[in-house]
Amino acid sequence: MNSESKKQLNIIVLGTAFMFMFTAFQTCGNIAQTVITNLNHTDFHGSGYTSMAVIYGVFSASNLISPSVVAIIGPQLSMFISGIFYSIYIAIFIQPFTWTFYTASVFLGIAAAVLWTAQGNCLTINSNENTIGRNSGIFWALLQSSLFFGNLYIYFAWQGKTYISDSDRRTVFIALTVISLVGTVLFFLIRTPEESTSEEDTAVTTADNRIESTLEQSKMSRAIDAFRRSIKLFATKEILLLSITTAYTGLELTFFSGVYGTCIGAVNKFGSEEKSLIGLSGIFIGIGEILGGGLFGLLSKNNQFGRNPVVMLGIVVHFIAFYLIFYNIPNDAPIASMHGTDSVAFMEPSKEVAIFCSFLLGLGDSCFNTQLLSILGFLYSEDSAPAFAIFKFIQSVCAAVAYFYSNYFLLQWQLLIMAVVGFFGTLSFFSVEWKAPMFVAKSIGYNSI
């Protein structure tokens, strides 16, 4: 097997491992608030929204040190250890206690920062400027397949249920824990790609490889160097502009992965299907993500128009989804009690419209994320770990903020915030993409960092 084939296989294994892990975790996030409101004992006082706010808050802070961790122990071991903490968090739901729930949330936030920094590093190591778009699409499609499998089980298992029993909860989360562990083990199948001697491949190397070329450097000095590079990179014009786009992905990530499913499950007008519709919503989000990731990954091979048309498609699709959700879902749905809401928005709640919006949310999200992964790998091929750490830092800060205000804000205000940030994020992405080839050609500022 030649070097390129090994790299391609590594991308597939990476995506498959994430697919298993996030089949468990994204399903967990989708149903967490609904499960918690249905706990039949009063000694648990946790909130799914608050837990996610803690996770993403710690996640954001931990991104400052995650490049150093990856520099010391490498991307493969970083992802394996992180996967263990993901599995522990999911297992907490088998028999939840408030203190274990929030403690696991803190540790998961740290693990998530290391996991995603290592993922970005691994993706870049196994790509070059010609394959980064394709590989980003393949990875994203495999990752978001996770939304399909876990939520398909939820849809059938919770069909006709208006209340989630302890037995229902334990069965689901035992299965999800095992699935997460399977994905964690798969990280050991990733192999270090052989270095190519061609000028093209030599030009596209990672920050970690360049740091390690000085054999005398200690692990601590490499960690300090990675941290210093992250701070310097954060202050550059391109990263600052892309941070607005990244901020939007954090807000809409919170909405489609935690808030929207809760909204659907709280609408009493949906009848006995309200709980199973949470799973169906997750499935159609996944279909949108898979379709977008696969399509844009294939188109990237012969895309003469750059990344901007895909991002434009993403914001238009999301604006349509926000409009339909505003008309279809009651305003108090995100903060409804365990008894749900009998309110009506501007139309009689429609299950078909709600599920169609789920598809649009997934499709739009894939537009933004595949193109952000692609442009980061293209611009910062020599600083992949710090660049992806900054990306996840900004995204997780905004996700934490969004999960926090989801406890209090009505639906209309959440949609308005996303619409405004999404508009300006799209404009800022356009400005970076237009100058991307010139930036790479001149290697402005980064060879000296």
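Predicted model only: the values in this text are computed from it and were never measured.

Next up on the list: the overall build of the protein chain. Counting secondary structure elements, the protein chain contains 17 helices and zero strands. Looking at the 449 residues of the protein chain, the share that counts as buried comes to 58%. Contacts in the protein chain between residues at least 24 apart in sequence constitute 87% of all its contacts with a sequence separation of at least 6.

Next up on the list: a nonpolar patch on the surface. A cluster of nonpolar side chains, contributed by I72, I73, L77, I81, I84, F85, I88, V106, F107, I110 and L181, occupies part of the molecular surface with about 790 Å² of accessible area. Contributing elements (two or more residues each) for the nonpolar patch: helix 3 (66-73), helix 4 (75-92) and helix 5 (98-125). The greatest single-element share of the nonpolar patch, amounting to five residues, is contributed by helix 4. Relative to the assigned elements, I88 resides in helix 4.

Quick look at helix 6 (residues 132-144) now. With 13 residues, helix 6 ought to run about 18 Å at 1.5 Å a step, and its terminal C-alpha atoms sit 18 Å apart, in line with that. With ten of its 13 residues buried, helix 6 lies for the most part within the structure. Buried residues of helix 6: I132, G133, N135, S136, G137, F139, W140, A141, L143 and Q144, and no others.

A few words on the packing of aromatic side chains. Under the criterion given, the structure shown has 31 aromatic pairs. For the ring pair F93 and F173, a centre distance of 4.7 Å and an interplane angle of 10 degrees mean the geometry is stacked. One end of the pair, F93, is in the loop between helix 4 and helix 5; the other, F173, is in helix 8 (residues 166-186), and 80 residues separate them in sequence. For the pair shown, F93 and F173 are each scored as buried. By the ring-pair criterion, three or more aromatic residues cluster together here, those being F18, F22, F25, Y86, Y89, F93, F101, Y102, W116, F139, F173 and F187.

With that settled, consider the confidence of the model for the protein chain. For the protein chain, per-residue confidence averages 81 on the pLDDT scale, and 84% of positions sit at 70 or higher. Between residues 196-208, whose pLDDT stays under 50, and residues either more than four places distant or in other chains, the model counts 30 contacts. This model gives residues 444-449 a pLDDT under 50, and the stretch forms twelve contacts once residues within four places in sequence are excluded.

Turning our eyes to something else, we now look at the environment of A91. Here A91 lies in helix 4. With relative accessibility at 27%, the residue A91 sits in the partly exposed group. Taking the C-alpha atoms as reference points, A91 and T177, separated by 86 residues in sequence, lie 5.7 Å from one another.

Residue placement: I190 occurs in the loop between helix 8 and helix 9 (199-203). In sequence terms I190 and K6 are 184 residues apart; their C-alpha atoms lie 9.1 Å from each other. The residues touching I190, leaving out its near neighbours within four places in the chain, are N10, V13, L14, Q76, M79 and C122.

Attention shifts here to the nonpolar core. One finds F18 and Y89 to be the most contacted residues of the largest nonpolar core, which totals 112 residues. Looking at which element gives the most residues to this core, the answer is helix 15 (residues 351-379), with 14 residues. Apart from residues lying up to four places away in sequence, F18 is in contact with T23, M79, L115, W116, Q119, F139, L143 and F187.

The residue S105 is located in helix 5 in this model. Residue S105 is classed as buried on the basis of its relative accessible area of 0%. Within polar-contact distance, the side chain of S105 engages the side chain of S51 at 2.8 Å. Beyond its immediate stretch of four places on either side in the chain, S105 contacts S51, V54, I55 and Y89.

The rules behind these values
Residues numbered from 1 in each chain as written. Predicted model: local features only at pLDDT ≥ 70, side-chain atom pairs only at ≥ 80, totals over all residues. Heavy atoms only, no water. Helix = DSSP H or I, 4+ residues; strand = E, 2+ residues; numbered from the N terminus. Buried < 20%, exposed > 50% of the residue type's maximum accessible area, 1.4 Å probe, protein only. Contact = heavy atoms within 4.5 Å. Patch = residues over 30% accessible without salt bridge, like charges linked within 9 Å, V, L, I, M, F, W, Y side chains within 5 Å. Areas by Shrake-Rupley, 256 points an atom, 1.4 Å probe, with all protein chains shown as cover. Salt bridge = Lys/Arg side-chain N within 4 Å of Asp/Glu carboxyl O. Expected span 1.5 Å × (residues − 1). Phe/Tyr/Trp six-rings, centres within 6.5 Å; stacked < 30°, edge-to-face > 60°. pLDDT = per-residue confidence, 0-100. Core = buried A, V, L, I, M, F, W, Y, C linked by side-chain atoms within 4.5 Å. Polar contact = N/O pair within 3.5 Å; in protein donor to acceptor, adjacent residues only side chain to side chain.

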